[in-house]
Each structure stands twice: as structure tokens, then as C-alpha cells.
Amino acid sequence: MRGLAVSMVLLYHADLGFLPAGFLGVDIFFVLSGFLITSLVRRAVEDGTFSFTEFYFRRAKRLLPAAYVTFLLTALAAPFILNAQELQDFSRQVLGAVTFSANVVLLMQAGYFAGAAELKPLLHVWSLSIEEQYYLLLPAMLVFAPRRYWLPVGVILLFGSLGLCLFLQAVKPIATFYLLPTRAWELGLGSLAAIAPLRQTRWAGLFRAAFWPAVALLVLLPVFPTGLPHPGVDALIVCCATVVVILRQHPLLESAWWSRGLARIGDVSYSLYLAHWPPFAFLKNAVVGQVTLQQSLATLLLGVVLGYLLYRFVELPTRRLALRPSRRFALGVVSVSCAVLSMPVAMAAWSKAEGPDFTHIRRSNDGFAPECAFETRFEPLVACRNAEAPKTMVWGDSFAMHLVPGLAAVSDGGVVQATRGNCGPILDLAPLSDVFYLRPWAEACMDFNRSVMDYIARTPSIRVVVLSSVFHQYLRGEDSRNHWRTLGRVNGSLVERAASVDIATEAMRATIRSLHALGKEVVLVAPPPSSGFNIGACSERRAQGKLVIGAPLEDCSIPQDAFRSFHGRTLELIRRLEGEPGLHVLSFEGLLCAEQRCAAQLEGTFLYVDTGHLTREGAALLARKLDWAAALAKLR
């Protein structure tokens, strides 16, 4: 089972396409871990031989040597490969890894403008942290609670964790993914399997009947997932199937050649899991476009080789050492932990590149303040405006946020910001997907936009409304992470429909006409040139002399044809809207594009944070170069 689980995770991270839910291997690991560790603790408690010191000593001896070697080698490589912000985040990831709080650190590093999770070399340590947090609590429960309470307390905690997981999935999906209270039910299933009398004769027939369906689910669900949010139904199914396979103990699992092969992979699973991910993270930092199949396969092979070497020369020898708990051992663990913690800072200082501070240049551009990326209905917060009675409102998603520094710099009438991540400035229409942007989020997006329109209607000082979005989430069904649909209000009812230019055009036209009917002038700002690769990362890596893979042009500029193709549907939407009364369209293309390429820098200023959002300095420079001050003054 461990061999199957780690194989699923490795193939999923290689992004080969045929295992879209290979991440379910981690859920299998949780159940296996809960079963194995709980079985050991239960037997020791029942025999009267359990010792907290012995238990945690054995956990440290089992886990720390291979983990610390992985952390040290990753820290040595990180300054030469990671971008500035990722290197800064990496130091905190090491702290989280060493203290088994990596899941909390990664949650704190998650956000709309935060670095992508796939760029973090110690991302995978989140699951180990959850396990160790669980094992800080489990032994105490089994030791101090009377045995008759083990099962009822375990059942209550399991269903409490599962209920919290399903409830928060639609509200705080990232927190649900990373935190112990919403993942403990998976380890808890394994624990209950270890303490409940499920191997009695009356249960044997059930497990025999359920065994092959459980095997089929474990094999097929990672290939054909339900598409529902994770962790959720899919995780629950594979966790229950894992319990069935564990308790059935089918003789075939001991004798079949494929089972023996998976068992050998399972023996190396811990080292494979530790060693395989940092090479993928380093690759994805260096590749500013799309990772190719050949690159993924080569990185997967490297990860397997590193995992075997880690097992052969670190994990296996240290497991065989005849060590006993002692002050000397504890002092050694503390000393090595301090050395690991100091490595990222020391290496970063030693390799610090001369030149621009890209941590500052590529900082989040969410407009006036982070709280202006609203998660609730709109309110004219003091932090989100620069005048008591602003004449200009900026309304939209992150592609409206990044305009605010420029508009605020050139506007003499004051600006108020009404923005929400991924929620375009369209009344009664919202994007909807199966990953993070679920139906409750889509309904909240529609409520937010309605609250913005209500505020505009009762605020006479606002004369100009600037709308901006990339609109991709409304116009195309697929991207690298989401299957997009739209949720719209049709004849008073909410209806899910396909993402399309026609539906978005109709809703945008209605929004513009509603604003015009209120006496407002409307400015629609087209997204700046981009073509899908990470322009900001490319510019940074070129400036610092780091490896760049996948840039279409040597200087990180954008081919104009690629830009028009990438934003083809967005440009079509804008063309259809041109000519609407009271609508004025602004574009960056005339300034930035010439000779079939669009600039990534202008007058020495780096323009892009990432794949398409402007830096704060870039937004201010472009607003001045395009003379937006005069354009807005004419409209007011």
C-alpha cells in the first residue's frame, strides 16, 4: 500500500496527464500511518510498556536523518535556483519543516499574489507535519483515557474532523487542505481500524466482499476522480477503501509479483517522498513557461535516483544504529536542527546577487492595501481610497487592483478601490470552477458586485468608473488548474452555463448600460500584453544571471502575435463592447508593442510581477506615459 501511494504521488507530480488525482496517494498514506502507529502504541499501552520518551525517540530516529539531509542539500541549492521572494519564503519553510509546522507556514504563504505552491521546495513536508502533530496527541489519549473510551472518543473526534472538513471546504479551502483539524479524520480512520474489533468473525465476510471493489476504487479513482473539492468525497472513498484492504489481509497481497514489487517501492517510500519534490520545485522555478513532458520525466527519474541514494546511504544505516534515548542524542538533534535552520539564511547572504531588489520590485500589487482585495461585500474603507469623496472608482479583479498605484499617482480627484480576486466587474455573472471557486464563492462574487453597484448609485461624487479584468475565467472553459463555467441570474434564478464570449458580452453590456444610466462615464482597461509565461520571473532571472527555460524571446519580451492569440477572446469581448454609449477603452498595446514584440521593461523599470500583473512602479510609469491624468480629467 505504501508503494502504491508513493507511486501515485510521484506520477502526479510529474504531471503526465493520466493521473489527475494522484494526490490521493497522500490520503492513503495518512490512513496507513494512523493504522501502523496506533497499532504500535496500543500494543505497548496494553502491555504496560509504553514510554513517551521511547516513542518520540523512535520517531526522531526514523524520520530526522533522511529529512535533515534533504533539507540541508535543498538549502545549499536554493540560493542558486530560487527567485528572491521564493528564497525568502524558503527560510520560513525550513523553520516549519524542522518544527513540524510546515503546514501552518505554507498556509500563511498562500494567497492570491503569493508564490505558486509548486515553486516551494519543501511544499511536500506539510503532510509529514500533520502526521507529527497528530502523534503529539494520539499517545496521550491512549495512555490517559480508559480503554472503554478509546472507541467512542475516536468516533466522535473522527466525525467532528470530517464534518469540519466538509463544512470549511466551501469557505476556506486552502485552510481545509493544510490544517490538522480538517485532515485528522484520515489518520483517525487508520487509528480506529487499529483499535476497533473489526477483525472478528462477524466482520470477516464484509471485508472479503468489499476487498476487490476497494482495490478497484484505489486504482481507478486517481485516474477518474469525481471532480469534487479535495479533501472531500474522493479522499473519503480512498481512505475507506484503504481500511478495507488493510483489514482484509488478502493472501494475494503477500504472494503476487506485482504486490512484492510495490512492497519494495514501499520500503523506500519515505526517502522517495522526501527527495522527489525539491527537483520538481527547482525545475518549475527555472521554467518560466510550460514544463515539457521530457523535462518532467527527466526530473522524475532524478527524484527516484536521489530517493534511492537517500534510502541506501542515510535512512537505512541510521535505522540500524543501536541508539538509545539520552541527553547526548537530544543535544545532537537540537544542534543539527539549529544548523539546518541557519543554512538558508547563510547561503542566501553568501550568494546575494548585486543589482535590483526583486523582492521589493515583484512585491504584491493589490492596490492601496491587502484588505482592498475584498472577501465580503464592498465597503468604502479608508484604506481603500485616497480622498474623502473620490471621483474615480476602480472596479474588478486583480487586473483592476494592479492599476490602482498608477491611477492614484496621476488622478487629482481621488480614487476608491472596489476589487475582489478573480471576480470581474460584471453584474449577475460570476466564474465557477471545481477547484477553489466553488458555487458559494461564485454567489459571493455576485453579491460583491451588486454591493459595488449599490454604492456607485448612492455616491454622486463618483464620476468615472474604471473596469478591468483579464476575463479569461468567463470566456474559456479550461486552464491549467480549473474547468470554468459561469453562474448567472436568468429570469430571477441562478443558472450554471458554459464559459463563453456571448454570455460575458451580454452581461458586460448590461453592466455598462446600468452605469451609464446612473450618469457615470465608464473606462474599460484592456489587460497588458502577456502570453502565458511568467514575465516577471523571466526578467528577474535574466537580471540575476540564473537559468531561464521556456522564455519565447531572449530579453523576456512578449511576441505580439502570441499576445493577441493568448488574449484573443478577451480582445474579441472588448471589440464587441466598443461603441457602447459612455464607454471608453484604454489599452497598453500602442505604448508597449512595436516590431512584433511587446516590452517587459520600459525606461529601466520592470513592468511585470508575474504572468500579466503590473508592478507598482510599472503601473505608475505606464499611467504617466499614457497620460491617464488628462484622459480622466476630460471624462469628469
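Keep in mind that this is a model prediction, so the values were computed, not measured. (Residues numbered from 1 in each chain as written. Predicted model: local features only at pLDDT ≥ 70, side-chain atom pairs only at ≥ 80, totals over all residues. Heavy atoms only, no water.)

(A) Fine view of the overall build of the protein chain. Secondary structure summary: the protein chain contains 28 helices and 13 strands in total. In terms of overall size, the protein chain behaves like a compact globule, its C-alpha atoms giving a radius of gyration of 27 Å where 636 residues would be expected to give roughly 26 Å. In terms of overall dimensions, the protein chain has C-alpha extents of about 85 × 60 × 45 Å along its principal axes. In the protein chain, of all internal contacts separated by at least 6 residues, the share reaching a separation of at least 24 is 77%. Of the roughly 27,700 Å² of accessible surface on the protein chain, 61% is carried by carbon and sulfur atoms. Taking the 58 positively charged and 48 negatively charged side chains of the protein chain as two groups, their mean positions are separated by 8 Å. (Helix = DSSP H or I, 4+ residues; strand = E, 2+ residues; numbered from the N terminus. Rg over C-alpha atoms; globule rule 2.2 N^0.38 Å. Contact = heavy atoms within 4.5 Å. Areas by Shrake-Rupley, 256 points an atom, 1.4 Å probe, with all protein chains shown as cover. Lys, Arg positive; Asp, Glu negative; His and termini not counted. Charge placed at Lys NZ, Arg CZ, Asp CG, Glu CD.)

(B) Helix 11 (residues 233-248), seen in detail. In this model helix 11 runs 23 Å from its N-terminal to its C-terminal C-alpha over 16 residues, within 8% of the 22 Å that 1.5 Å per residue would give. If you check which residues of helix 11 are buried, you get D234, A235, V238, C239, A241, T242, V243, V244, V245, I246 and L247. Phi for Q249, located one or two positions after helix 11, is positive at around 50°. (Expected span 1.5 Å × (residues − 1). Buried < 20%, exposed > 50% of the residue type's maximum accessible area, 1.4 Å probe, protein only.)

(C) Focus on the sheet that holds strand 10 (residues 593-594). Reading across from one edge, 8-11-10 is the order of the 3 strands in this open sheet, with antiparallel pairing throughout. Lying at the two open borders of the sheet, with one neighbouring strand each, are strand 8 (558-559) and strand 10. In this sheet, strand 11 (residues 597-598) lies alongside strand 10 in antiparallel orientation, the contact comprising 2 bridges. Residue pairing in the sheet places A594 in a bridge with R597 of strand 11. (Pairing = 2+ DSSP bridges.)

(D) Region of the structure containing the pattern of salt bridges. All chains considered together, the criterion is met by 29 salt bridges. Salt-bridge contacts for R576 lead to D502; the nearest nitrogen and oxygen are separated by 2.5 Å. One end of the pair, R576, is in helix 25 (residues 568-577); the other, D502, is in helix 22 (residues 501-517), and 74 residues separate them in sequence. A salt bridge links R575 to E572; the shortest N-O distance between them is 3.1 Å. Pair noted here: R575 and E572 are both in helix 25, with a separation of 3 residues, about one helical turn. Given the relative accessible area of 49%, R575 is considered partly exposed. The exposure class of E572 is partly exposed, given its relative accessible area of 26%. Via salt bridges that share partners, E86, D89, R92 and K120 belong to a single interconnected network. (Salt bridge = Lys/Arg side-chain N within 4 Å of Asp/Glu carboxyl O.)

(E) Broad picture of the pairing of strand 1 (residues 392-396). Where burial is concerned, most of strand 1 is hidden: 5 out of the 5 residues are buried. Residues of strand 1 alternate between two faces, with T392, V394 and G396 on one and M393 and W395 on the opposite face, all of them buried. The pairing of strand 1 with strand 2 (residues 415-419) spans 5 bridges and is classified as parallel. Along strand 2, the bridge assignment pairs T392 with V415. Pairing of strand 1 with strand 4 (residues 464-468) involves 5 bridges; the strand directions are parallel. Paired with G396 across the two strands is S468, which belongs to strand 4.

(F) A look at the nonpolar core. Formed by 94 residues in total, the largest nonpolar core has its most connected members in F71 and W185. A per-element tally of this core places helix 2 (residues 24-47) first, with 11 residues. Beyond its immediate sequence surroundings of up to four residues, F71 is in contact with A97, V98, L122, V125 and V340. One finds I426, L475, L487 and I512 within the second-largest nonpolar core, a separate group that totals 47 residues. (Core = buried A, V, L, I, M, F, W, Y, C linked by side-chain atoms within 4.5 Å.)

(G) View of the packing of aromatic side chains. Throughout the structure, instances matching the rule amount to 22 aromatic pairs. A connected cluster of aromatic rings, assembled from ring pairs, spans F50, F52, F55, Y56 and F144. Positioned over the ring face of F177 is R183, at 5.0 Å from the centre of the ring. Cation over ring: R312 sits above F313, and NZ or CZ is 5.2 Å from the ring centre. (Phe/Tyr/Trp six-rings, centres within 6.5 Å; stacked < 30°, edge-to-face > 60°. Lys NZ or Arg CZ within 6 Å of the ring centre and 35° of its normal.)

(H) Fine view of the state of the cysteines. Here the structure, examined in full by the defined rule, presents 4 disulfides. The side chain of C593 participates in a disulfide bridge whose partner is C598; the two sulfur atoms lie 2.0 Å from each other. As the torsion about the S-S bond is roughly 100°, the C593-C598 disulfide counts as right-handed. Relative accessible area serves as the criterion here: at 12%, C593 is assigned to the buried category. What makes C598 buried here is its relative accessible area of 0%. Looking at the protein chain, its bonded cysteines, counted consecutively from the start of the sequence, adopt the pairing 1-2, 3-4, 5-6, 7-8. Among the cysteines around C165, which has no disulfide bond, C239 carries the closest sulfur, lying 9.8 Å off. (Disulfide = S-S within 2.5 Å.)

(I) Fine view of the sheet that holds strand 5 (residues 485-490). Read from one edge to the other, the open sheet built from 3 strands follows the order 3-5-6, with strand pairing classed as antiparallel. Each edge of the sheet is formed by a strand with only one pairing partner; in this case those strands are strand 3 (429-432) and strand 6 (493-498). Neighbouring strand axes in the sheet, compared pairwise and without regard to direction, differ in orientation by 30° on average. Where strand 3 lies against strand 5, 4 bridges are found, and the strand directions are antiparallel. Each residue of the ladder has a partner; that of A430, found in strand 5, is L487. The strands that helix 20 (residues 439-457) touches are strand 3, strand 5 and strand 6; relative to strand 3, the one it contacts most, it runs at about 155°. Across the sheet, helix 22 is in contact with strand 3, strand 5 and strand 6; its angle to strand 3 comes to roughly 145°. (Axes fitted to C-alpha atoms, helices over the stretch in contact; angles between N-to-C directions.)

(J) Seen up close, the pairing of strand 4. Of all 5 residues in strand 4, 5 are buried, a share of seventy percent or more. Every second residue of strand 4 is oriented toward a common face, with V464, V466 and S468 on one face and V465 and L467 on the other, all of them buried. Sheet topology note: the strand 4/strand 7 (residues 521-525) ladder contains 5 bridges and is parallel. Residue pairing for strand 7: V466 is matched across the bridge by V523.

(K) Up close: unusual backbone geometry. In this structure, the amide linkage connecting H230 to the following residue, P231, adopts the cis form with an omega of 0°. The residue P231 is located in the loop between helix 10 (201-220) and helix 11 in this model. Located in the positive-phi region is D15, a residue other than glycine, with phi close to 55°. Here D15 is to be found in the loop between helix 1 (2-13) and helix 2. You can call D15 exposed: its relative accessible area is 61%.

(L) View of the packing of helix 3 (residues 52-81) against helix 6 (residues 125-144). Running from N to C, helix 3 and helix 6 cross one another at 175°; their axes reach a closest spacing of 12 Å. Put simply, helix 3 runs roughly antiparallel to helix 6. Here F52, F55, Y56, R59, L63 and F71 of helix 3 lie close against helix 6, whose contacting residues are V125, E131, E132, Y135, L136, P139, A140, V143 and F144. Taken together, the residues that form the contact of helix 3 with helix 6 break down as 12 nonpolar, no polar and 3 charged. (Parallel < 35°, antiparallel > 145°, perpendicular 65-115°, else oblique. Nonpolar A, V, L, I, M, F, W, Y, C, P; charged D, E, K, R; others polar.)

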